[in-house]
Amino acid sequence: KEMLEDLKRCGYVTDSVYNLILMNENDRKLVPIIIKYIKLSFHDEEKIQLTRFLAVEGSIEAIRPLLDEFYKTKKKEYMTVICNTISIISNENLSEELIEIIKKREYGTSRKPLVYRLYKYKNREKVIEVLQNLLKDEDLKEYAEYSFNNLSGYKSKIYKCSIQ
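Residues numbered from 1 in each chain as written. Predicted model: local features only at pLDDT ≥ 70, side-chain atom pairs only at ≥ 80, totals over all residues. Heavy atoms only, no water.

Student: What's the story with the packing of helix 4 (residues 63-72) against helix 6 (residues 96-103) in this structure? I'm lost.
Tutor: Think of two packed helices as two axes; the pair is described by the angle between the axes and how far apart they sit. The contact between helix 4 and helix 6 brings their axes to 12 Å, and the two run at 30°. Regarding the angle of helix 4 to helix 6, the classification is roughly parallel. The hand of the helix 4/helix 6 crossing is left-handed. Contact with helix 4, carried on its side by Arg64, Leu67, Phe70 and Tyr71, involves Glu97, Leu98 and Ile101 of helix 6 and no other residues of that element. Taken together, the residues that form the contact of helix 4 with helix 6 break down as 5 nonpolar, no polar and 2 charged. (Axes fitted to C-alpha atoms, helices over the stretch in contact; angles between N-to-C directions. Helix = DSSP H or I, 4+ residues; strand = E, 2+ residues; numbered from the N terminus. Parallel < 35°, antiparallel > 145°, perpendicular 65-115°, else oblique. Left-handed = near helix turned anticlockwise from the far one by under 90°. Contact = heavy atoms within 4.5 Å. Nonpolar A, V, L, I, M, F, W, Y, C, P; charged D, E, K, R; others polar.)

Here's what the structure looks like:
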C-alpha cells in the first residue's frame with residue numbers, strides 16, 4: 001500500500017505494483033522508488049519481482065544499488081535475476097566491475113545473463129578477451145559461444161551453440 005502511494009506521488013497511478021512490469025524508459029522516475037522497496041524488503045520473492053521491474057534499457061541509475069544487492073545476497077536465483085536486469089539496463093560500456101563478476105566462478109550460473117549479452121558492449125577488445133577466457137568455463141561456455149556468434153564484424157558463427 002505504501003509503495004502504491006509513493007508511485008502515485010510520482011504520477012504513476014496503478015492499483016497493483018505488478019503493473020510495473022509494463023515500465024518503459026519514460027518511467028525512469030520510478031527507479032528510486034523501486035530501489036527503496038528492494039532495500040526495505042526482507043522477502044526474497046518480493047526483491048526478485050521488484051528487481052525484474054527494473055529491467056528497462058537505459059535505467060543505469062539502478063545498476064549501483066543492484067550490484068550492492070548482488071554482493072549482499074547468497075541466493076542464486078536472486079543473483080541471476082540481478083544479473084539479467086543489469087544486462088538489460090546496462091549501457092554500452094562494459095565496466096570493470098561487471099567483468100570481475102563474470103570472471104568469478106564462485107558466482108556460478110548466475111552470471112549467464114551477463115555473458116549472454118556481452119556482445120552488445122562497445123569495448124570489443126575487452127569483450128573478446130573475456131569471452132575467450134569463458135570458453136574454458138563449463139558453466140558459461142555455451143553463453144560465451146552465443147555472444148561470440150553475435151559479435152558483428154567478428155569471425156561470426158564460428159562456434160556451435162545450442163542457445164537461441
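Student: It is not clear to me how the pattern of salt bridges should be interpreted in this structure. Could you clarify?
Tutor: Opposite charge on two side chains makes pairing possible when the charged atoms of those side chains draw close. For the coordinates displayed, the defined rule picks out 12 salt bridges. With a closest N to O distance of 2.7 Å, arginine 64 and glutamate 97 form a salt bridge. Taken as a pair, arginine 64 in helix 4 and glutamate 97 in helix 6 lie far apart in primary sequence, 33 residues in all. Residue classification places arginine 64 among the partly exposed positions, given a relative accessible area of 39%. Between glutamate 69 and lysine 72 there is a salt bridge, and its shortest N-O distance comes to 3.3 Å. (Salt bridge = Lys/Arg side-chain N within 4 Å of Asp/Glu carboxyl O. Buried < 20%, exposed > 50% of the residue type's maximum accessible area, 1.4 Å probe, protein only.)

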